Every structure is written in C-alpha cells, then in structure tokens.
Amino acid sequence: MSYRFAFGRPPAVAARGMVATSQPLASRAGLRMLEQGGNAADAAIAAAAVCCVTEPMSTGIGGDCFALVWRDGRLDAMDAAGPAPGSAAPLTPVAENGPSSVTVPGAVAGWAELAARHGRLGLDACLAAAIDAAEEGFAVAPRTAAIWQRVGGPPELGPAPSVGDLVRLTELGSTLRRIAAEGPDGFYRGPVAAAIASASWLEEDDLAGFAPRWVEPLRLAYRGTEVVELPPPTQGIVALEALGLLERSSPSLASRIRCVKLALEDGLARVRDGADVSGLIDPGYLDRRRSGVDAPVTEPPGGTVYLCAVDEDRMAVSFIQSLYEAFGSGIVAPGTGVALQNRGACFAVSGAVEPGRRPYHTIIPGMLVRDGDLLGPFGVMGGFIQAQAHTQLVSAVVDDGLDPQAALDRPRFRVDGDLVRLEEGLWEREADLEQLGYRTVRETNTFSFGGGQAIFVQGDALIGGSDPRKDGYAAGL
C-alpha cells in the first residue's frame, strides 16, 4: 500500500505496539497495559474503561460493547449487547428515553469475557486507570466539553464542565472498584444490580441472566482486501453491502452516496436480532441491487466511542461501546454513577419493543485482512452514521491509498432522508451532486460525522490514526 499524508498531523508510527482512542487518558491507559506485559485485549479493556469515565456522554458501563479480535491468524467476534427485559410487554410507541428505553447493559460482561478469553493481566488490573480517573479526577478535553455543554446531562453527574475543568465521578469509581474486586457479579448481582432495577424496567433476573456470546463474523472481499464486520443485531452488513455495491461501480463520491443509500434501505428492512442477512452480500443479489432505485432513508443520531489496539505479537482488537444517545436514557442508577443506555429506542426500526430480544444496533467494530494476514482494526463512532463512514473509510484506504490518519481526516458525507449532508471539504462538490439529483446541505456540525480510529500493519511497523473530530490520539511503543 502506498500512503499519502494528510494536510494535518501525520500518522503515528511504532514498532512494538499501538493504541488509538478518542481520549488522551484512554490511549495512555492502553499503552501502560502494553508496557506492563499485557496484550492488545488488556490495552483495549483499560482504554474502554477510561473512556467510560472521561467521555460519559458517549459511553459507560451502563451500555453495550462489541469486539473483533485477530490472534494467531484467526478472528474472534464478541457480541455483548443486552436484550429488553424478558417480562416486558410489547411496547408501542417505542420509548426514546427514560426507564422503558433501557436494555440490559452488556459492556461489563463483555470486558470480563474478553479478559478471560484473550487477556493476560486480569480484569482488575485493566480497571485501575479508570478507577483512578474517576476518584482522583480528570481534566475535560475540548470536544468532550463542547458535547457535554450542548446536551447537558443527568444532575447526578454534576453541571456540564468547561474545557480543563477537573471532574470527579466518585460513585462511578466505587462501582468500578466493586467490579475489579468481584468481577462481573459485582455489577450484575447485588446492590448495583438492585439499583439498576430500581431505576428502570429491568428486573434483577434480567441482569443476572445475561452473558455475552462469541459469534461468526461477516466478511466481504473488496478489491483484494477482506472487510470483517459483526452480524445482526448490528448494522455491520450495511457497510459490507455498500462496499459490495461500490466494487461494482466507480469509487466516485456520487457512487459512494448511492451505494450507501441502497445498503441503508436494506439494512433497516432486514437487520433484526438473529437474522440471517448473508443474502445481502451474495454476488447475484449485489449484481441485481446495483440497478435498484434508492429511497430516502432517515437515521437518528447517537453517541459512541471506538478504540483499537495492536500489540507486539500482532494481536489486534477492534472495540466499540456505547450508551446510544448522549447520556443514554438520562437515568443514573442511584448511588452507582452508572448512566443507563437507551438502546431500546432502536426498537423503533422494527416498530415495537420485543421482550427478551435485542434491537437494531448501530455500533460496529471493523477489521481489515489482506492476503490472509492482518492489515488492521478500524472503526468510526457516531450512531447510525457508522456503516456510512465505514464505507467511506475503507474506500479511502483501498481505492485511494490513504494512510489511516489521512483517511480519517478526509471530509465525509451523511445520508439523511432525501438529503445528503456534506462536511466542509466536500462543499465544492455540491453542484456536481445536485446535477445528479441529490439535495445537499452544507453541514457545519462536525459532531454529526462521527469520529474514528485505525491501526494498520506495514511491514515490521504499525501505522495509526485518530480522528481530529475527537479529543484522542494514536500512540505507540
């Protein structure tokens, strides 16, 4: 692969290991795990836990997570998304927030499962940096402060801070200490579980009965590079279908938009908990679908964090976790500091809450494989835009030869109903797109275009990038 550098900062380069996150303290925590003899799984868990403290509007232990792990030439896919309460009655209209929007939080169980199956140092060691940040305090970074001030937040977490303010989340720190001491039982059983049940429509049995699952990932070869995504309930198939359609077209901006629109329409119609969506990337279907007529597709916003890590043995972890919308349901379980997700709002895709099942899931970690070897983990956070952004990022890397940082820096589009929102840098393309029948909007809110991370293997080195739309960085050893 040839690399073309961005006008901004160059990509990070390292030999032994690398961590890329949206928060400075999270990147630092991941690197410390590698320095202490941990591997990419330990680094990812440590970084994810710190993000739950330092970026609480986007993620937290009251949310879900997913991971792709490359180890010794094979891929593992972890699904740690929780269901609606098993005893709930079907609910229409679907609650967007509040107690009836809460689904079982899967993140803590996902951390424990990832640590047990792939880690070296243990869950307790991985949580140390997050506990310290919560109890001793952290200085709020600029983009985090901007989002926090824009959305507000639950009063239990205090007033929205300004840049540089020192924030302590002592109740969350105590809950993390309990998890470090007791493992996932410290969250899914006992006083924390009771507090979650008291604040939502979940019952303690819903929490105690949850377990993550290891699943078979979905794969698609795109111009010689294999792209790997998670199956339903995630929208990973949307990114793969869009790329499959794009491979049958020219990789122009207009083609990328059209392929994304077609894939989004299919994903919203077909992605459900446990659904078999492999037919959407069948070559025959893709050949027929490329001549279809795209329809307006409207997707709601959301908040997430994505991070990745690669270690000296070239084990790679692509990891993503979320509360869905800012501060999730708006509910904090009393005395725990746990902000609960509103992932149940995504049952709106199917029209009603399905008891004991999981809704359409926006968050998707990605992995690239070339010639049977690891190219690297990648992902873009930001609610429903993630499949759209995966398509744009992979095309930038594969079609245009951009390095990870340049690919993340590139301006993005976002399909929004019958509009195409253009980030600054694509505004000069308005006339071309409008001649093709697209209605465009010059969007000035960069937060709506997500934020990503990527780490690629290049020979003996690692090349990484971190999205300038977030506060973090990629750093290595």
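Calculation rules
Residues numbered from 1 in each chain as written. Predicted model: local features only at pLDDT ≥ 70, side-chain atom pairs only at ≥ 80, totals over all residues. Heavy atoms only, no water. Helix = DSSP H or I, 4+ residues; strand = E, 2+ residues; numbered from the N terminus. Rg over C-alpha atoms; globule rule 2.2 N^0.38 Å. Buried < 20%, exposed > 50% of the residue type's maximum accessible area, 1.4 Å probe, protein only. Contact = heavy atoms within 4.5 Å. Areas by Shrake-Rupley, 256 points an atom, 1.4 Å probe, with all protein chains shown as cover. Lys, Arg positive; Asp, Glu negative; His and termini not counted. Charge placed at Lys NZ, Arg CZ, Asp CG, Glu CD. Core = buried A, V, L, I, M, F, W, Y, C linked by side-chain atoms within 4.5 Å. pLDDT = per-residue confidence, 0-100. Pairing = 2+ DSSP bridges. Axes fitted to C-alpha atoms, helices over the stretch in contact; angles between N-to-C directions. Phe/Tyr/Trp six-rings, centres within 6.5 Å; stacked < 30°, edge-to-face > 60°. Parallel < 35°, antiparallel > 145°, perpendicular 65-115°, else oblique. Left-handed = near helix turned anticlockwise from the far one by under 90°. Nonpolar A, V, L, I, M, F, W, Y, C, P; charged D, E, K, R; others polar. Salt bridge = Lys/Arg side-chain N within 4 Å of Asp/Glu carboxyl O. Expected span 1.5 Å × (residues − 1). Polar contact = N/O pair within 3.5 Å; in protein donor to acceptor, adjacent residues only side chain to side chain.

**Overview of the overall build of the protein**
- Scanning the protein for helices and strands turns up 16 helices and 21 strands.
- Relative to the globule expectation of 23 Å for 477 residues, the C-alpha radius of gyration of the protein, 21 Å, shows essentially globular dimensions.
- The dimensions of the protein, computed from C-alpha atoms along their principal axes, are 60 × 50 × 40 Å.
- Residues counted as buried form 62% of the 477 residues belonging to the protein.
- Long-range pairs, those at least 24 residues apart, make up 73% of the contacts in the protein between residues at least 6 apart in sequence.
- On the protein, roughly 16100 Å² of surface is accessible, and the fraction owed to carbon and sulfur atoms is 48%.
- Across the protein, 41 positive and 58 negative side-chain charges occur, with their mean positions spaced 4 Å apart.

**A look at the nonpolar core**
- Formed by 104 residues in total, the largest nonpolar core has its most connected members in Val53, Ile61, Trp111, Phe187, Val317 and Phe319.
- With 13 residues, the top contributor of residues to this core is helix α2 (residues 40-54).
- Of all hydrophobic cores here, the second largest spans 58 residues; its members include Cys259, Val271, Tyr285 and Ala345.

**Concerning the confidence of the model for the protein**
- Looking at the protein, the pLDDT average stands at 94 and 96% of residues meet or exceed 70.
- Every residue in residues 1-6 is under pLDDT 50, and counting partners more than four places away or in other chains gives 25 contacts.

**Quick look at the sheet that holds strand β16 (residues 413-416)**
- Taken in spatial order, the three strands make up an open sheet running β16-β17-β18, and their pairing is mixed. Of all the strands in the sheet, the pair left with one neighbour each is β16 and β18 (439-443). On average, each strand axis in the sheet is tilted by 25° relative to the strand beside it, whichever way the strands run.
- Examined bridge by bridge, strand β17 (residues 419-423) and β18 share five bridges and lie parallel to one another. By the bridge assignment for β18, Leu422 is matched with Arg442.
- Set on the sheet, helix α12 (residues 253-270) makes contact with β16 and β17; between it and β16 the angle comes to about 40°.

**Here we look at the packing of aromatic side chains**
- Counted according to the given criterion, the structure contains three aromatic pairs.
- For the pair Phe187 and Tyr188, a centre-to-centre distance of 4.8 Å together with 75° between the ring planes defines the contact as edge-to-face.
- The exposure class assigned to Tyr188 is buried, which follows from its relative accessible area of 5%.
- Through a chain of ring-to-ring contacts, the aromatic side chains of Phe187, Tyr188 and Phe210 assemble into a single cluster.

**Some points on the packing of helix α11 (residues 236-247) against helix α14 (residues 385-398)**
- Where α11 meets α14, the axes come as close as 8 Å, and the angle between the chain directions of the two elements is 45°. Considered as vectors, α11 and α14 are oriented oblique to each other. You can see that α11 and α14 cross each other, and the crossing is right-handed. Along its contact with α11, which presents Val238, Ala239, Ala242, Leu243 and Leu246, the element α14 presents Ala387, His390, Thr391, Val394 and Ser395.
- Considered class by class, the residues forming the contact of α11 with α14 number seven nonpolar, three polar and no charged.

**Observations concerning the pattern of salt bridges**
- Within this structure, the stated rule accounts for 26 salt bridges.
- A salt bridge links Arg117 to Asp76, with the shortest nitrogen-to-oxygen separation between them at 3.1 Å. Remark: Asp76 occurs in strand β4 (residues 74-80) and Arg117 occurs in helix α3 (residues 107-118); sequence separation between them is 41 residues.
- Among the salt bridges present, the one from Arg219 reaches Glu226, with a minimum N-O distance of 3.5 Å.
- Note on Glu226: relative accessible area 24%, which makes it partly exposed.
- Bridged by salt links that share partners, the residues Arg412, Glu423, Asp467 and Arg469 form one connected network.

**Observations regarding the pairing of strand β15 (residues 373-381)**
- Taken across its nine residues, β15 has eight buried, putting it largely inside the fold.
- Taken together, the five bridges between strand β14 (residues 366-370) and β15 define a ladder with antiparallel strand orientation. In the strand pairing of β15, Leu368 is matched with Gly376.
- With antiparallel pairing between neighbouring strands as the criterion, β14 and β15 make up a hairpin whose turn holds two residues, including Asp371 at a positive phi of roughly 55°.
- As defined by bridge partners, β15 adjoins strand β19 (residues 451-458) across four bridges and the pair is classed as antiparallel. Its bridge partner lying in β19, Gly379 is registered against Gln453.

**Topic: the packing of α11 against α12**
- Running from N to C, α11 and α12 point in directions that differ by 140°, and their axes come no closer than 8 Å. Classified by the interaxial angle, the pair formed by α11 and α12 is oblique. The interaxial crossing formed by α11 with α12 has right-handed handedness. Between α11, through Val238, Glu241, Ala242, Leu245 and Leu246, and α12, the contact on the second element is made entirely by Ser255, Arg256, Cys259, Val260, Leu262, Ala263, Leu264, Asp266 and Gly267.
- Taken together, the residues that form the contact of α11 with α12 break down as nine nonpolar, two polar and three charged.

**A short note on α2**
- Relative to the 21 Å expected for 15 residues at 1.5 Å per residue, α2 spans 21 Å between its end C-alpha atoms, a close match to the ideal helical length.
- For α2, the tally of buried residues reaches 15 of 15 residues, placing the bulk of the element in the interior.
- Where α2 begins, the side chain of Asn39 points an oxygen toward the backbone nitrogen of Ala41, at a separation of 3.0 Å.

**Observations regarding the environment of Glu312**
- As for its position among the elements, Glu312 is in the loop between β10 (303-310) and β11 (316-324).
- Since its relative accessible area comes to 52%, Glu312 is described here as exposed.
- Note: C-alpha distance between Glu312 and Asp371 (59 residues apart in sequence) is 20 Å.

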